[in-house]
Amino acid sequence: MGRKRDFFLQFLFWMCVYLQSVKNEEPPLYFSLEPDCGSAVAESGVKILTCQSYSDPAPVYRWLREGSYVSAESVSGTFKMYSINRTAAGTFRCQATNKLGSIISDSCRMDVAYLDPLPTVQNENVNVQKGQGVKISLPSFKSYPFPPTVEWHLNANIMAEEGPNHQVTLSKDLVLLDTETQDDGSVYQAEILNGLNGQTSTTQTYTVRVSESGVSGLGPEIVVGPKDTTANQGDYTVDFECIVNARPISYLSTRWYRVSDGTETEIVQNAKYLLSGGYHRILTIKSPETSDTGLYRCKASYNNGQSYPPVVLDANLTVYESPVIISQIETQYVRDFSQNITIHCQGQGTPTPTMLWFFNSQIIQSTQKVTVSPNGTLTITFLDMTESGVYMCFARNEAGETKKATWIKVNSSLPEIIDKPENLTITEGSNARLPCEATGAPKPTVAWKKMTSSGPVDVVSGERTQILENGQLLIVTAVSTDSGHYVCNASNSRGSQTAEAFLEVYELPHKPVVTSVVQNPSDLRSINVSWSPGFDGNSPIIRNCGCRPMECV
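Labelled according to an unreviewed UniProt entry, the protein chain appears under the name Protein sidekick-like isoform X2, originating from Crassostrea virginica. Quoted verbatim from the Subcellular location (unreviewed entry) field of UniProt, the annotation for the protein chain is "Membrane".

Shown next, in the form of structure tokens:
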């Protein structure tokens, strides 16, 4: 007795474990570890990317570069790349999949650091008139990052980033200002360093040749002006530059302004703004926000009493804000087969984000059945079992992307006949109705058969026979040959169920046939009538009725 009880308890335990495991099956819906590409890797180096998600059953992983698979399925979320070259750079995503659905991760950009050799060129002369400004541009070359670190040398001595008579631009070119005759013959050279892989290269030399201009004073003249610039909210800084020449340069004053509705507000150095050195040629805006979007103005004025007009240069800053999804999206939606579903996914950001939906990691294109509206609303009509899975909404703009995932679970069930046919007896000429209403997902199809001695025969709709939408079999003006054994079958992709009934159709009995009429000799007032019974209508005659005047016996 004790052994049976132990066995029974053990059976219950494992059954509970099984039921719990079935109950808790779920697809991957999020990444507990999103990919992080980190800093650039040097050519011939190694990069390891990692992601992790949770699901039951456990997910398998694949990696994509620029939307194409670059790895086989693996139970590990780790992807290793060896002997990397610059062509391997790109945007990577991780995909996690189990039998219930699939998701894709945030993207990360892997860059490969390199510095191509500079062109071999002999010394270049740079000609300029006394008092003028001139820009010495770096030769064309390819590098990541670009621009790399650049140090300019004057006569083999390292130069500062800026000085009274020179400025290194944001693109790492060198600007000379208010040149003097003593600058003639000066030799400049740039050393380029890729700090990510340690590569270095040196440009050709540039020899400045200063000629007399005969001019003692020059008003402000633009050499390098500010350019329209974009930044992302969350960037560390964003810069504008305004490099202006004048002679003598010491009388030049550069100021920066924020312009709103035509009104100038001068920018002073504080926690938000940084003005470079004592010359204010570069304006740095720290931690740009969307509120910093607008028009910025550089105004360079000559302050020694001369009537030179100031140089006024404008540039726009546009700060992008990463998108957010403000709609509440459930982690799971349960719908029955053939139902419709609508999920709203509204995004906000600057600029307005593009809304995209993915199904099991594949982008959804609108069809008559599945539509994705520009505002992010997903609508699926007449859900099918194949549409069970993970749906992801992405909001993307120039500042980045964000996403939310949900599991649409389409229920299915075996057919169940909820209104079964019962044996039916009717008289000829009446209508026969045999019900067979069924439920299930997908909606079951109901078919009828009549069982005959030669086998089952399909019942099809015709002049007197109809199978109604609710599965009912209707036989109009039934005749005796309609009698028989009927079977209905309700079936869908999950299975089937049958029910049966017998139909008997009786004809009205025929009247009896009189065979003789004989007067009763003992009672001349009566007669003896004899008859033979008529057709019984396929049902035993219960009684016969004889009639006297005004009476039936």
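1. Section: the pairing of strand E8 (residues 90-98)
Taking burial as the measure, the nine residues of E8 include seven buried ones, the bulk of the element. Summarising the sheet, E8 and strand E10 (residues 108-110) pair through three bridges and their orientation is antiparallel. If you follow Phe92 over to E10, its bridge partner there is Cys108. Of the strand pairs in this sheet, E8 and strand E9 (residues 101-104) are connected by four bridges, and their pairing is antiparallel. Across the sheet, the residue bridging to Ala96 is Ile103, located in E9. Taking the residues that link successive antiparallel strands as the turn, the E8-E9 hairpin has two residues.

2. Concerning unusual backbone geometry
Residues Phe146 and Pro147 are joined by a peptide bond in cis, for which omega reads -5°. The residue Pro147 is located in the loop between strand E14 (143-144) and strand E15 (149-154) in this model. In the segment running from Arg247 into Pro248, the intervening peptide bond is cis, with an omega of -5°. Looking at the element boundaries, Pro248 is found in the loop between strand E26 (243-247) and strand E27 (252-260). Residues other than glycine seldom take positive phi values, yet Asn155 does so here, at roughly 50°.

3. Things to note about the sheet that holds strand E48 (residues 465-467)
The three strands are arranged E44-E49-E48 in an open sheet whose pairing can be described as antiparallel. Of all the strands in the sheet, the pair left with one neighbour each is strand E44 (432-434) and E48. Between one strand axis and the next, the sheet turns through 10° on average, direction left out of account. Across three bridges, the pairing between E48 and strand E49 (residues 473-475) is antiparallel. Bridge pairing links Gln466 to Leu474 in E49.

4. What about the sheet that holds strand E34 (residues 341-343)?
Strand order across the open sheet formed by three strands is E34-E39-E38, with antiparallel pairing between neighbours. The open sheet terminates on both sides in strands that have one partner only, identified here as E34 and strand E38 (370-372). Each adjacent strand pair in this sheet contributes to an overall mean axis angle of 10°, direction not counted. Note that E34 and strand E39 (residues 378-380) share three bridges and pair antiparallel. Along E39, the bridge assignment pairs Ile343 with Leu378.

5. Remarks on the pairing of strand E40 (residues 389-397)
Among the nine residues of E40, eight are classified as buried, and the element is accordingly described as predominantly covered. Here strand E36 (residues 354-359) runs beside E40; their pairing, made up of six bridges, is antiparallel. Within E40, the position partnered with Thr354 by the bridge is Arg396. With nine bridges connecting them, E40 and strand E41 (residues 400-411) associate as antiparallel partners. Within the sheet, the bridge partner assigned to Asn397 lies in E41 and is Gly400. Linking two consecutive strands that pair antiparallel, namely E40 and E41, is a turn of two residues.

6. Notes on the side chain of Ser53
For Ser53, the location among the structural elements is in strand E4 (residues 52-53). Polar side-chain contacts of Ser53 include one of 2.6 Å to the backbone oxygen of Tyr30.

7. A short note on the nonpolar core
Core analysis: the largest hydrophobic core is formed by 27 residues, its most contacted members being Phe240, Trp256, Leu283, Ile285, Tyr296 and Leu317. Here the element with the most residues in this core is strand E32 (residues 311-325); it accounts for five residues. Ranked by size, the runner-up nonpolar core spans 25 residues in total, among them Cys37, Val41, Met81 and Cys94.

8. A few points about a nonpolar patch on the surface
Side chains of Val514, Val517, Ile527, Val529 and Trp531 sit close together on the surface and give an oily, nonpolar patch of about 460 Å² of accessible area. Of all the secondary-structure elements, those providing two or more residues to the nonpolar patch are strand E52 (513-519) and strand E53 (527-532). Along the chain, Trp531 turns up in strand E53.

9. Here's the deal with the UniProt feature "domain: Ig-like" (unreviewed entry) in the protein chain
As annotated by UniProt and renumbered to match this structure, "domain: Ig-like" (unreviewed entry) occupies residues 27-105, 220-318, 323-406 and 415-504. Secondary structure content for residues 27-105 is 0% helix and 46% strand, and the end C-alpha separation is 14 Å. In this annotation, residues 220-318 is assigned 0% helix and 58% strand; the end-to-end C-alpha distance for the span is 28 Å.

Each value, and the rule that gives it
Residues numbered from 1 in each chain as written. Predicted model: local features only at pLDDT ≥ 70, side-chain atom pairs only at ≥ 80, totals over all residues. Heavy atoms only, no water. UniProt positions renumbered as here; feature names shortened; annotations may be inferred. Buried < 20%, exposed > 50% of the residue type's maximum accessible area, 1.4 Å probe, protein only. Helix = DSSP H or I, 4+ residues; strand = E, 2+ residues; numbered from the N terminus. Pairing = 2+ DSSP bridges. Axes fitted to C-alpha atoms, helices over the stretch in contact; angles between N-to-C directions. Polar contact = N/O pair within 3.5 Å; in protein donor to acceptor, adjacent residues only side chain to side chain. Core = buried A, V, L, I, M, F, W, Y, C linked by side-chain atoms within 4.5 Å. Patch = residues over 30% accessible without salt bridge, like charges linked within 9 Å, V, L, I, M, F, W, Y side chains within 5 Å. Areas by Shrake-Rupley, 256 points an atom, 1.4 Å probe, with all protein chains shown as cover. Salt bridge = Lys/Arg side-chain N within 4 Å of Asp/Glu carboxyl O.

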